[in-house]
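In case you want the letters, here they are:
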Amino acid sequence: MDNGNNDIFDGLNVNSGSGDRAARVRLRVLGISYSQIQNGAYALILAQVGGPYRIPVVIGGSEAQAIALKMEGIIPPRPLTHDLFTSLGHAFGIELTEVFIYRFEDGVFYSELTFTDGDRTVTLDSRTSDAVAIAMRTGAPIFTTPEILAETGFELEDLAGNVVSSSDSDDADSDTGELRAKDDDLPGISPVRTPKLENYTIEELKKTLQELIDREEYEEAARVAEIIRRKENPGAE
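Quick caveat: nothing in here was measured; it's all calculated off a predicted structure. (Residues numbered from 1 in each chain as written. Predicted model: local features only at pLDDT ≥ 70, side-chain atom pairs only at ≥ 80, totals over all residues. Heavy atoms only, no water.)

A. Representation of the overall build of the protein chain within the structure. Along the backbone of the protein chain there are seven helices and 12 strands. A buried classification covers 44% of the 237 residues belonging to the protein chain. Across the protein chain, the fraction of contacts at a sequence separation of at least 24, relative to all contacts at a separation of at least 6, is 62%. Roughly 12700 Å² of accessible area belongs to the protein chain as shown, and the carbon and sulfur atoms make up 48% of that amount. (Helix = DSSP H or I, 4+ residues; strand = E, 2+ residues; numbered from the N terminus. Buried < 20%, exposed > 50% of the residue type's maximum accessible area, 1.4 Å probe, protein only. Contact = heavy atoms within 4.5 Å. Areas by Shrake-Rupley, 256 points an atom, 1.4 Å probe, with all protein chains shown as cover.)

Printed below as a string of structure tokens:
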């Protein structure tokens, strides 16, 4: 019962919840690539946990930057919007318990964020790109429905024609629930990375990385950080 006092959740546009939460599929962040569907946009690739399906979600450049920075472990000199949102929640004792992608309509994915402060639980509508960016910063799980997975997902096959599942094809980070994709894993989608940077030495790449961070060019910095990771750990792929 509401006691009439001011509450951290008061005034929010609170949803009662959408979609069927009984049967759900957990997803992981696989990676980001250029979108060939929409100029200037990116494709966020979500992978079915323990299964072969991948879901491409078209997102904007700023959201792609926020997700790529977290994937590469790059900490910007000043907090981005999703970092600030996460810090605000922590300061007020609010926990993001899950992200639920509950509807797909006219090419748009609809998502909900579920929060709790220990006493109340609320569900808020969100763009999927923002929801995923915040989930990556809080470690909250991401779910969707089997129907959305069947409608929008695609399966990967290895060179022998076998279906590849996320459990045996990707490098999982157990702390963040993230997965990194190989370029060949994303058919029909151009990779984000700049090929000629591969010719740089590690020292040159690290210098370039620092310069990009100083200029707050975080999207390009994420690409350079990924190339450094590959050069330093060539046997990890």
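B. Fine view of the side chain of Arg54. Of note, Arg54 is situated in strand β4 (residues 53–59). Owing to a relative accessible area of 0%, Arg54 belongs among the buried residues under this scheme. At a separation of 3.3 Å, a polar atom in the side chain of Arg54 contacts the main-chain carbonyl oxygen of Pro52. (Polar contact = N/O pair within 3.5 Å; in protein donor to acceptor, adjacent residues only side chain to side chain.)

C. Spotlight on the pattern of salt bridges. In this structure the tally under the stated criterion is eight salt bridges. Across the pair Asp83 and Arg137 runs a salt bridge whose closest N-O atoms are separated by 2.6 Å. With Asp83 in helix α2 (residues 81–91) and Arg137 in helix α3 (residues 128–138), this residue pair connects regions lying 54 residues apart in the sequence. Residues Asp83 and Arg137 agree in their burial class; the two are buried. Between Arg103 and Glu105 there is a salt bridge whose closest N-O contact spans 2.5 Å. (Salt bridge = Lys/Arg side-chain N within 4 Å of Asp/Glu carboxyl O.)

D. Highlighting the packing of aromatic side chains. This model, assessed by the stated rule, comprises three aromatic pairs. Between Phe85 and Phe115, the aromatic rings sit 6.1 Å apart at their centres with planes inclined by 50 degrees, giving tilted as the arrangement. Highlighted residues: Phe85 in helix α2 and Phe115 in strand β6 (residues 108–116), separated in sequence by 30 residues. Overall, the relative accessible area of 7% leaves Phe115 in the buried class. Ring centres of Phe104 and Phe109 lie 4.6 Å apart, and the angle between their planes is 50 degrees; this geometry places the pair in the tilted category. The exposure class of Phe109 is buried, given its relative accessible area of 10%. The positively charged end of Arg24 is found above the aromatic ring belonging to Phe100, 5.3 Å away from the centroid. Between the NZ or CZ atom of Arg24 and the centre of the ring of Phe143, over which it lies, the distance is 4.1 Å. (Phe/Tyr/Trp six-rings, centres within 6.5 Å; stacked < 30°, edge-to-face > 60°. Lys NZ or Arg CZ within 6 Å of the ring centre and 35° of its normal.)

E. The nonpolar core, seen in detail. Val29, Leu44 and Ile67 are the most contacted members of the largest nonpolar core, which totals 48 residues. Ranked by residues supplied to this core, first place goes to helix α7 (residues 218–232) with seven residues. Dropping the residues within four chain positions of it, Leu44 is found in contact with Val29, Gly31, Ile32, Ile55, Pro56, Val57, Ile59, Ile67 and Val132. (Core = buried A, V, L, I, M, F, W, Y, C linked by side-chain atoms within 4.5 Å.)

F. Representation of the environment of Ala225. With respect to the secondary-structure elements, Ala225 resides in helix α7. Setting aside chain neighbours within four positions, we find Ala225 in contact with Glu72, Ile74 and Leu209.

G. Structural view of the pairing of β6. Counting buried residues in β6 gives seven out of nine residues, a clear majority hidden from the surface. In this sheet, β6 lies alongside strand β5 (residues 95–105) in antiparallel orientation, the contact comprising nine bridges. Note that in β6 the partner of Glu95 across the bridge is Thr116. Between β5 and the antiparallel strand that follows it, β6, lie two residues; Asp106 among them carries a positive phi value of about 55 degrees. Pairing between β6 and strand β7 (residues 121–127): seven bridges, direction antiparallel. Looking across to β7, one finds that Ser111 is bridged to Ser126. Hairpin connection of β6 to β7: four residues between the antiparallel strands, including Gly118 at a positive phi of 100 degrees. (Pairing = 2+ DSSP bridges.)

H. View of the environment of Tyr53. With respect to the helices, strands and loops of the structure, Tyr53 is situated in strand β4. Overall, Tyr53 belongs to the partly exposed group, its relative accessible area being 27%. The sequence separation of Tyr53 and Leu27 amounts to 26 residues, and the corresponding C-alpha distance is 9.5 Å.

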